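# Structural overview for review
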Amino acid sequence: MTIKKESILKIISLILMFYPFLDIFIAYINNNEGVLTFHIFVLSLFIVLFCLQKYLFKEKHKKTHFLVGGGFVLLVLVTSIHENLVGDNLDGFSFLIKMYLFLAVLYYYKETGFYDVFASFLLSHKMHWLLVNIGTFVTLAISLQHSGRIAHWGTTVISGPYSLAHTLSYVFLFLMFGNLFFYFSNRKMLWLIAALSSLAIVILTGVRTALLAVLFFAFVYMKNKGIKGFMFGGIALALIFIGLYSLGIFDPIIQKTEYAAAVSGSASNGRILIWVTSIAAYINPPRGSSFLSYLLGIGESALCQYNWNHIGIRIQAHNDFITILVSYGLINVVAYITMLIKKMPSYDSLLTLSALIIFNGFITYGQSIILFPLLIILVEDIRHNNLNVFNKHC
């Protein structure tokens, strides 16, 4: 039996297609235990499958992926050993692992032409994607019957089976992007309803960075559609937001923003202060300046402790670039930025993701670094004016 070249990419596509449901279902049945392990397992499985494809089909530069993978492993080991030496523990090790797993899959997605295969696979499995939507929404509804709500920042938000509302928000954010991909591909009202329902869940979590990512995507869409895009897209977006506001769906975000402004004096929950304080930890490391502290960072646990000591919040920088720079040093933040620029299909895709990268932290949430291809195929389809390979299966 011969294995077709796209077979392995289709296996990855199948896992990605079902992932929104799998993630929320596993979180529900395990009371949110083991979700991080599941993220790392899935990303590692993807890398193994990509390596298998390289081996089976003897592609050009087949040794390159071993060099890249080996370099990633070496850098992770060196940085983690340094963190263990200078920090209190290895709390940030999972962040470092997720970062390099993300960069590895980002590399392979671009090198194997995965996005085209994934887009075509989704469009040829519409009913399966519909079942993913149904399963994800039903699991959320069941979890809300038991608890699934968190009271904080002067309001009550939904978190589903997760301990953080952000996690639920990002699952439904990328589910929304997937539904929009189907809608723009065939203009069926079913997918628009599914997308708006997903957006409503995102807003009910009270996670403003997820809503900001929606606005960034809206800008990318309108920019690619020209003047008419800005005109009609702006009107459509305003009508959607007015409709959701009239239903009270925006209440958690409004109440959270008002509470933050009243308590901390900053509607952004002190983002600027957190960034400035975190950068100060890099400039003046708590254990003293050294070449290694600038090159490999002070460790995420030390960053969190520094912020606790200076601003009373045990938190990372809420910005991937700053968190990686301070925690893991110049060499790792350069690797992160370089891979984002070189391996993202376009600056439009990177712009939309930047809402999460800059204003909250993209790597922190494993759901984001697994599900982001749903955003990529949507943005790239729009960039090509729906005239590329994606439309062949509509």
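Cut-off values and rules
Residues numbered from 1 in each chain as written. Predicted model: local features only at pLDDT ≥ 70, side-chain atom pairs only at ≥ 80, totals over all residues. Heavy atoms only, no water. Helix = DSSP H or I, 4+ residues; strand = E, 2+ residues; numbered from the N terminus. Expected span 1.5 Å × (residues − 1). Bend = angle between axes of the 7 residues up to and from the residue. Polar contact = N/O pair within 3.5 Å; in protein donor to acceptor, adjacent residues only side chain to side chain. Phe/Tyr/Trp six-rings, centres within 6.5 Å; stacked < 30°, edge-to-face > 60°. Buried < 20%, exposed > 50% of the residue type's maximum accessible area, 1.4 Å probe, protein only. Axes fitted to C-alpha atoms, helices over the stretch in contact; angles between N-to-C directions. Parallel < 35°, antiparallel > 145°, perpendicular 65-115°, else oblique. Left-handed = near helix turned anticlockwise from the far one by under 90°. Contact = heavy atoms within 4.5 Å. pLDDT = per-residue confidence, 0-100. Salt bridge = Lys/Arg side-chain N within 4 Å of Asp/Glu carboxyl O. Core = buried A, V, L, I, M, F, W, Y, C linked by side-chain atoms within 4.5 Å.

## Quick word on helix α14 (residues 320–343)
Over its 24 residues, α14 extends only 17 Å from the first C-alpha to the last, a length that falls short of the 34 Å expected when each residue adds 1.5 Å. At Gly329, α14 shows its maximal kink, close to 140 degrees. Measuring from the side-chain oxygen of the N-cap residue of α14 to the backbone nitrogen of Phe321 gives 2.9 Å; that N-cap residue is Asn319.

## Structural notes on the packing of aromatic side chains
Any aromatic ring pair is given by two values, namely how distant the centres are and how the planes are angled relative to each other. Tallied over the full model, the rule gives 30 aromatic pairs. Their ring planes at 45 degrees and their centres at 6.1 Å tell us that Trp275 and Phe359 sit as a pair that is tilted. Taken together, the residues span a long stretch of sequence, with Trp275 in helix α11 (residues 271–283) and Phe359 in helix α15 (residues 347–359) at a distance of 84 residues. Assessed through its relative accessible area of 15%, Trp275 is described here as buried. Looking at Phe359, the relative accessible area reads 29%, which means it is partly exposed.

## Quick word on the packing of helix α8 (residues 189–204) against helix α9 (residues 208–246)
At a minimum axis separation of 8 Å, α8 and α9 run at an interaxial angle of 55 degrees. Judged on the interaxial angle alone, α9 and α8 are oblique. When the axes of α8 and α9 are compared, the crossing they make is right-handed. Taking contact as the criterion, the partners of Leu196, Leu199, Ala200, Val202 and Ile203 in α8 are, on α9, Ala210, Leu211, Val214, Ile240, Phe241 and Leu244.

## Concerning the confidence of the model for the chain
Model confidence for the chain is summarised by a mean pLDDT of 86, while 86% of its residues fall at 70 or above. Confidence drops under a pLDDT of 50 for residues 86–90, and excluding neighbours within four residues, the segment shows 12 contacts in the predicted structure.

## Let's talk about the pattern of salt bridges
On inspection of all chains with the given rule, the structure shows four salt bridges. The partner of Asp348 in a salt bridge is Lys223, with the nearest N and O atoms 3.0 Å apart. Here Lys223 lies in helix α9 and Asp348 lies in helix α15, a separation of 125 residues in the sequence. What makes Asp348 buried here is its relative accessible area of 9%.

## Some thoughts on the nonpolar core
By size, the foremost hydrophobic cluster in this structure holds 108 residues, and its most contacted members are Phe102, Leu173, Phe174, Phe217, Tyr336, Phe362 and Phe372. For this core, the element with the most residues is helix α7 (residues 165–186), which contributes 15 residues. Contact partners of Phe102, with chain neighbours within four places excluded, come to Tyr336, Leu340, Met344, Phe362, Ile363, Ile369 and Phe372. Counting 10 residues, the second-largest nonpolar core is a separate cluster that includes Trp275, Tyr282, Ala302 and Leu303.

## Description of α11
In a regular helix each residue adds 1.5 Å, so 13 residues correspond to 18 Å; α11 covers 19 Å between its end C-alpha atoms and thus fits that length. Taken together, the buried positions of α11 are Arg271, Ile274, Trp275, Thr277, Ser278, Ala281 and Tyr282. Among the structural elements, α9, α12 (291–296), α13 (300–311), α14 and α15 are those in contact with the buried residues of α11.

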